[in-house]
Amino acid sequence: MENLKNALGELEAPICPDCHVNMRWFRSELVRDTPVMIAHLFVCPNCKRAQRTETKFTSRSVPPEKLAAPRFRVIAGGK
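Residues numbered from 1 in each chain as written. Predicted model: local features only at pLDDT ≥ 70, side-chain atom pairs only at ≥ 80, totals over all residues. Heavy atoms only, no water.

Another aspect to go through is the confidence of the model for the protein chain. Mean pLDDT over the protein chain works out to 79, with 63% of the residues at or above the 70 mark. Between the elements of the protein chain, mean pLDDT differs from a low of 58, seen in helix H1 (residues 2-9), to a high of 90, seen in strand S2 (residues 36-43). (pLDDT = per-residue confidence, 0-100. Helix = DSSP H or I, 4+ residues; strand = E, 2+ residues; numbered from the N terminus.)

Okay, structure coming up:
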């Protein structure tokens, strides 16, 4: 999810080749996991022409101790 937010924040809207206006973002979707590739779909507000752009990311590995999931400690002999 974080990759999707970053990809959209750094992305510049393409210009429609017919109307010469900035296209509007329509949606983004994950295309591939490895390497991470996100496709963005833009639509022209005047002529409704669509254009797709793709963003690639290098994947990062997160050590288990840095994950956000809660961990439960087991205490020997405890209740």
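Take Val21: it is sitting in the loop between H1 and strand S1 (24-32). Relative accessible area serves as the criterion here: at 28%, Val21 is assigned to the partly exposed category. The sequence separation of Val21 and Pro45 amounts to 24 residues, and the corresponding C-alpha distance is 8.4 Å. Contacts of Val21, omitting those with residues within four sequence positions, involve Pro14, Ile15, Cys16, Cys44, Pro45 and Asn46. (Buried < 20%, exposed > 50% of the residue type's maximum accessible area, 1.4 Å probe, protein only. Contact = heavy atoms within 4.5 Å.)

Let us look at the sheet that holds strand S3 (residues 50-57). The three strands lie next to each other as S1-S2-S3, forming an open sheet whose pairing is antiparallel. Edge strands, defined here as strands with exactly one partner in the open sheet, are S1 and S3. For this sheet the average axis-to-axis angle between neighbouring strands, irrespective of direction, equals 25°. Both S2 and S3 contribute to a ladder of eight bridges, which runs antiparallel. Bridge assignment links Val36 to a residue of S3, and that residue is Phe57. (Pairing = 2+ DSSP bridges. Axes fitted to C-alpha atoms, helices over the stretch in contact; angles between N-to-C directions.)

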